[in-house]
Amino acid sequence: MSDERKKYLRNIKIKKSLIFVSQILILIVFLGLWEYLADKGIIDKFITSSPSRIIKVFANFNSNHLLEHIRVTVYETLVGFTIGTILGLIIAILLWWSETIAKILDPYLVILNSLPKVALGPIIIVWVGAGTKAIIVMAVAISLIVTILDILHGFLNTDKDLIKMAETFNAKKIQILTKIVIPANKSTFINSLKINIGLSLVGVISGEFLVSKAGLRIFNYLWRSNF
Amino acid sequence: MEVLKIRKLSKKYQHENGETLALDNINLVVEQGEFVSIIGPSGCGKSTLLSIITGLESKTSGDIFIENKKMNGISSEIGYMLQKDCLLEWRTIYSNVLFGLEIKHMKNRENILYAESLLKKYDLYDFKDKYPNQLSGGMRQRVALIRTLCTKPKILLLDEAFSALDYQTRIKVTEDIYNILKKENITTLMVTHDISEAISMADKVVVLTKRPGTIKKIHKIHFDLENRTPLNCRETPNFSEYFNILWKELGVDER
Ligand SMILES: Nc1ncnc2c1ncn2[C@@H]1O[C@H](COP(=O)(O)OP(=O)(O)O)[C@@H](O)[C@H]1O
Ligand SMILES: [Mg+2]
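Residues numbered from 1 in each chain as written. Chains lettered and ligands numbered in written order. Predicted model: local features only at pLDDT ≥ 70, side-chain atom pairs only at ≥ 80, totals over all residues. Heavy atoms only, no water.

A. Representation of the overall build of chain B. A count of helical and extended segments in chain B gives 8 helices and 10 strands. At 18 Å, chain B has a C-alpha radius of gyration in line with the 18 Å of a compact globule built from 255 residues. Along the longest, intermediate and shortest principal axes, the C-alpha atoms of chain B span 50 × 45 × 35 Å. Looking at chain B as a whole, 54% of its 255 residues qualify as buried. For chain B, the share of sequence-separated contacts (at least 6 apart) that also reach a separation of at least 24 residues comes to 71%. (Helix = DSSP H or I, 4+ residues; strand = E, 2+ residues; numbered from the N terminus. Rg over C-alpha atoms; globule rule 2.2 N^0.38 Å. Buried < 20%, exposed > 50% of the residue type's maximum accessible area, 1.4 Å probe, protein only. Contact = heavy atoms within 4.5 Å.)

B. Structural view of the packing of helix 5 (residues 137-149) of chain B against helix 6 (residues 167-183) of chain B. All names here are of chain B. Here helix 5 crosses helix 6 at 25°, and the two axes come no closer than 9 Å. One finds that helix 5 runs roughly parallel with respect to helix 6. For the pair helix 5 and helix 6, the sense of crossing is right-handed. Contacts between helix 5 and helix 6 involve G137, G138, Q141, R142, L145 and L149 on the former and, on the latter, T169, V173, D176, I177, I180 and L181. (Axes fitted to C-alpha atoms, helices over the stretch in contact; angles between N-to-C directions. Parallel < 35°, antiparallel > 145°, perpendicular 65-115°, else oblique. Left-handed = near helix turned anticlockwise from the far one by under 90°.)

C. View of a nonpolar patch on the surface. A grouping of F20(A), V21(A), I24(A), L25(A) and I28(A) is seen on the molecular surface, where their side chains present a nonpolar patch of about 480 Å² in accessible area. In this structure V21(A) comes out as partly exposed when scored by relative accessible area, which is 47%. (Patch = residues over 30% accessible without salt bridge, like charges linked within 9 Å, V, L, I, M, F, W, Y side chains within 5 Å. Areas by Shrake-Rupley, 256 points an atom, 1.4 Å probe, with all protein chains shown as cover. Salt bridge = Lys/Arg side-chain N within 4 Å of Asp/Glu carboxyl O.)

D. View of the site of ligand 1. Residue and element names in this part refer to chain B. Close contacts around ligand 1 come from Y13, H15, A22, S42, G43, C44, G45, K46, S47, T48 and R211, and that covers them all. One of the backbone nitrogen or oxygen atoms of C44 is found 3.3 Å away from an oxygen atom of ligand 1. Taking G45, its main chain carries an N or O atom lying 3.1 Å from an oxygen atom of ligand 1. Contact with the protein chains hides 65% of the accessible area of ligand 1, taken as 560 Å² for the molecule alone. Elements represented by at least two residues in the shell around ligand 1 include exactly strand 1 (2-15) and helix 1 (46-54). (Near = heavy atom within 4 Å. Polar contact = N/O pair within 3.5 Å; in protein donor to acceptor, adjacent residues only side chain to side chain.)

E. Highlighting the domain arrangement of chain A. The domain boundaries assigned to chain A delineate domain 1 (3-43) and domain 2 (62-222). Taking only C-alpha atoms into account, the centre of domain 1 of chain A sits 35 Å from that of domain 2 of chain A. (Domains from an automatic or database assignment.)

F. Broad picture of the sheet that holds strand 2 (residues 18-31) of chain B. Taken together, 4 strands build an open sheet; the order of strands is 2-1-4-5 (chain B) and the sheet is antiparallel. On the outer flanks of this sheet lie strand 2 and strand 5 (69-70) of chain B, each paired with one strand and no other. (Pairing = 2+ DSSP bridges.)

G. The interface of chain A and chain B, seen in detail. Taken together, the contact pairs 17 residues of chain A with 23 residues of chain B. At the boundary of chain A with chain B, total buried surface from both sides reaches about 1,700 Å², with 69% on carbon and sulfur atoms. Area buried by chain A at its contact with chain B is led by T168(A), F169(A) and K179(A), which between them contribute 38% of it. For the pair chain A and chain B, the number of links is 3 salt bridges. (Buried area = accessible area lost by both parts, 1.4 Å probe.)

H. Looking closely at the environment of V181(A). Residue and element names in this part refer to chain A. Here V181 is to be found in helix 9 (residues 173-184). Look at V181 and you get buried, because its relative accessible area is 0%. Sequence separation between V181 and F81 is 100 residues; the distance between their C-alpha atoms is 23 Å. Ignoring sequence-local partners within four residues, the contact set of V181 consists of W96, F155, T158, I163 and I176.

I. Structural context of the packing of aromatic side chains. One pass over the full model with this rule turns up 9 aromatic pairs over all chains. For the pair W96(A) and W97(A), a centre-to-centre distance of 6.0 Å together with 80° between the ring planes defines the contact as edge-to-face. According to the relative accessible area criterion, W97(A) is partly exposed, its value standing at 38%. Note on F223(B) and Y242(B): the rings are 5.7 Å apart at their centroids and 85° apart in plane angle, and the pair reads as edge-to-face. Residue F223(B) is located in the loop between strand 10 (215-220) and helix 8 (237-254), and its partner Y242(B) is located in helix 8; the two are separated by 19 residues in the primary sequence. (Phe/Tyr/Trp six-rings, centres within 6.5 Å; stacked < 30°, edge-to-face > 60°.)

J. Seen up close, the nonpolar core. Within the largest apolar cluster, 56 residues are counted, with the highest numbers of intra-cluster contacts made by L4(B), I6(B), I53(B), I155(B) and L189(B). Tallying contributions element by element places helix 7 (residues 132-156) of chain A first for this core, with 8 residues. Residues in contact with I6(B), not counting those within four places in the same chain, are I26(B), N27(B), L28(B), L49(B), I53(B), D63(B) and I64(B). Membership of the second largest hydrophobic core comes to 48 residues, among which are L98(B), Y122(B), M201(B) and F223(B). (Core = buried A, V, L, I, M, F, W, Y, C linked by side-chain atoms within 4.5 Å.)

K. Spatial organisation of the side chain of T148(B). Examined against the element boundaries, T148(B) turns out to sit in helix 5. Residue classification places T148(B) among the buried positions, given a relative accessible area of 1%. Apart from residues no more than four positions distant in its own chain, T148(B) is found in contact with F169(A), G79(B), Y80(B), M81(B), P153(B) and L156(B).

Below, the structure is given as structure tokens:
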């Protein structure tokens, strides 16, 4: 290996470790500052808790049923995520299939997307009741439209030449969908999945805040650490 | 035998700002085993002509016959190769080659064996489990050709099929593709704006006028060479003669 190459590789390594160490450092400083300020009473422990208290709550895993509550939230998130993703995918396929329907619905999708979904909370509770169902509906409401828009955008931007190539072999629309458009959009799906899991969690947590009977699960318990 | 016959073909595109007459009264015959090049200034309707022959685009008037059978809609008897190789990056070379057969529901034993024999014959079999991005531009083009050939089209249409390649690769690929087409006795209609390329492969060169494309002239091309290839015919005096004639004919329109 030439000296130049060695130097180049060393530089890359140094840069990488610098980034990693800085990231850890920021975390430590943040937690330290939080603990310090809470301890000195500069910020109100009642509202923001403190790292040491949170750790204590987590340490009493069994006595406070934390595990059970995490399980519920994770379950709701996954169900919301799965429904949102599958439903979004199906609707995106329908819209891709019929350009006319897509054009007709376009302004409504944009409006629905900009609507603050949390505001729908009370209506959702009236419709499906104040329970797990409402929380899941909330998660779906938050992730669905974004999924549709993202996947449809990916579908419509599939390389036109690939589609034309398939057409030169006399491909039917369903073949273009399954053999070109869907496989060509693998990265769109992965991106959409990443965004969706986050949005579903947001949906579930806002749902849990709203549905007081079943809700505020994890937060209930984190909250307790403040006292 | 006449593989392709085009009679009084015209095409008008309709769009929001009006209509464009792209092709006007095209008459052309391509014989079995023949290589016909079509040249014309860009925008004169060359791609339109090929799209109409395959049926991807509708015609305004006129008739197209394949082996004396009148054509309607997309034909499965025509192979069409686009400018880009359009290989699917997520499929292996082998699975790319079988793509056409798969789409046309022709993936039977006989055709698969034929596809494999073409891969072997043209030095691609060893690469069959690789992915397109592991192959050179020239190899990719060969894969795309085999993908089309294994569906056994009666006529092959090439639309500027080599123009995305750099000059060196292009000369090499032209040579490769020409040899394959001659060995397999494929009837070919190629569209290009490159005069040298048109002459180097063709038995007949069709010159189109600028839009609306009409046939200006058809030149028979002949070289006194025993084993003519796109490369060796370029060195003959005939070649520069043809070149000059075509250059002038095109030049008048491009001014
Ligand atoms: N789908 C279309 N709608 C309207 N006009 C078109 C369409 N496709 C091509 N044209 C027009 O028809 C003419 C011929 O186009 P094309 O066949 O692509 O030319 P070439 O391949 O010779 O460059 C051009 O003027 C182009 O703008
Ligand atoms: Mg063109």
